Amino acid sequence: MSYFSGQVKRLTKIDLNDIVLLRDRVSEQPDLWEKWDALKPNRFGVFNGNTQHIVFKYPVDLDDHRLSMTFPIWQEWKSILQPLIDQAVAPYDYKNGAVARIMLARLHPGCAIGMHIDCAQSAELPHKIHIPLKTSEDVVMTFADGESHHLAMGGAFEVNNRIKHGVHNPTRHDRIHLIFDYFDQSTEP
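Scope of this entry: the structure provided in the associated data block. (Residues numbered from 1 in each chain as written. Predicted model: local features only at pLDDT ≥ 70, side-chain atom pairs only at ≥ 80, totals over all residues. Heavy atoms only, no water.)

**Describing the overall build of the protein chain**
In terms of regular secondary structure, the protein chain is built from three helices and 11 strands. Going residue by residue from the N terminus, the α and β elements of the protein chain occur as β-α-α-β-β-α-β-β-β-β-β-β-β-β. In the protein chain, which comprises 189 residues, the share counted as buried stands at 49%. By sequence separation, contacts in the protein chain at least 24 residues apart represent 79% of the contacts at least 6 residues apart. When the accessible area of the protein chain is evaluated, it comes to approximately 9,100 Å², of which 51% is carbon and sulfur surface. (Helix = DSSP H or I, 4+ residues; strand = E, 2+ residues; numbered from the N terminus. Buried < 20%, exposed > 50% of the residue type's maximum accessible area, 1.4 Å probe, protein only. Contact = heavy atoms within 4.5 Å. Areas by Shrake-Rupley, 256 points an atom, 1.4 Å probe, with all protein chains shown as cover.)

Take a look at the structure:
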């Protein structure tokens, strides 16, 4: 059972300087998207060519979130990513918190990710955290009941990926989020 039964929960404010630092670093290296997207392990049909990912950490087995592999790019980006992650997870106050997956996700202009449920076993327990780096108020995440949420820059949000959801970017600009899974190792079997 998932930790969170709502749709979207704002966790905390994120230092805008840290967001801008990461966003600028990504902007300075546009070729990273092509290179790392070609190597990504998360090739789900729902992405339909509308998204690109830079994956830093990912579960070795989609049936178990507790064991992940770290990609070489993590060491190069850790000093920029870790402060954002630390700010976002502070409200949980876990003594033994861990991250199961970390990625940057870019949704192309005018594109959408269709309605879906993240059904892999490794997505069931961890908190799915989104930190928007580049977005517009017109970009919304929609849930099966028709309710929509805009995830605004400057915040960290937990998204319930175990209920049907999708996102639409009707703008002429990329929507970029830092997305990661967080869980409490002390409550693991």
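**Some thoughts on the nonpolar core**
If you look at the biggest cluster of nonpolar residues, it comprises 36 residues, and the most contacted ones within it are Leu 22, Phe 56, Leu 104, Ile 131, Leu 178 and Phe 180. Elements supplying a minimum of two residues to this core: helix 1 (16-28), helix 2 (31-39), strand 2 (51-61), helix 3 (73-89), strand 4 (97-107), strand 6 (127-134) and strand 11 (175-184). With nine residues, helix 3 is the largest single contributor of residues to this core. Every residue in contact with Leu 178, bar those within four places of it in the chain, is listed here: Leu 22, Leu 81, Leu 84, Ile 85, Ile 102, Met 103, Leu 104, Ile 129, His 130, Ile 131 and Leu 133. (Core = buried A, V, L, I, M, F, W, Y, C linked by side-chain atoms within 4.5 Å.)

**Re a nonpolar patch on the surface**
Taken together, the side chains of Val 60, Leu 67 and Met 69 define a hydrophobic patch exposed on the protein surface, amounting to about 280 Å² of accessible area. Here Met 69 lies in strand 3 (residues 64-70). (Patch = residues over 30% accessible without salt bridge, like charges linked within 9 Å, V, L, I, M, F, W, Y side chains within 5 Å. Salt bridge = Lys/Arg side-chain N within 4 Å of Asp/Glu carboxyl O.)

**Remarks on the sheet that holds strand 11**
Read from one edge of the open sheet, seven strands run 1-9-6-11-4-2-3, paired in antiparallel fashion. At either end of the open sheet lies a strand with only one pairing partner, and these are strand 1 (8-13) and strand 3. The sheet shows a mean angle of 30° between the axes of neighbouring strands, taken without regard to direction. Two elements, strand 4 and strand 11, share 10 bridges in a ladder whose sense is antiparallel. Among the inter-strand pairings, Ala 105 is bridged to a residue of strand 11, identified as His 177. Its contacts with the sheet put helix 1 on strand 4, strand 6 and strand 11, and the angle it makes with strand 6 is roughly 70°. Packed onto the sheet, helix 3 meets strand 1, strand 2, strand 3, strand 4, strand 6, strand 9 (155-159) and strand 11 and runs at close to 70° relative to strand 11. (Pairing = 2+ DSSP bridges. Axes fitted to C-alpha atoms, helices over the stretch in contact; angles between N-to-C directions.)

**Quick look at the packing of helix 1 against helix 3**
Here helix 1 crosses helix 3 at 145°, and the two axes come no closer than 10 Å. For helix 1 against helix 3, the interelement crossing comes out left-handed. Counted together, Asp 18, Ile 19, Leu 21, Leu 22, Arg 25 and Val 26 of helix 1 and Glu 76, Trp 77, Ile 80, Leu 81, Pro 83, Leu 84 and Gln 87 of helix 3 form the full contact between these two elements. Of the residues belonging to the contact of helix 1 with helix 3, the class tally is nine nonpolar, one polar and three charged. (Left-handed = near helix turned anticlockwise from the far one by under 90°. Nonpolar A, V, L, I, M, F, W, Y, C, P; charged D, E, K, R; others polar.)

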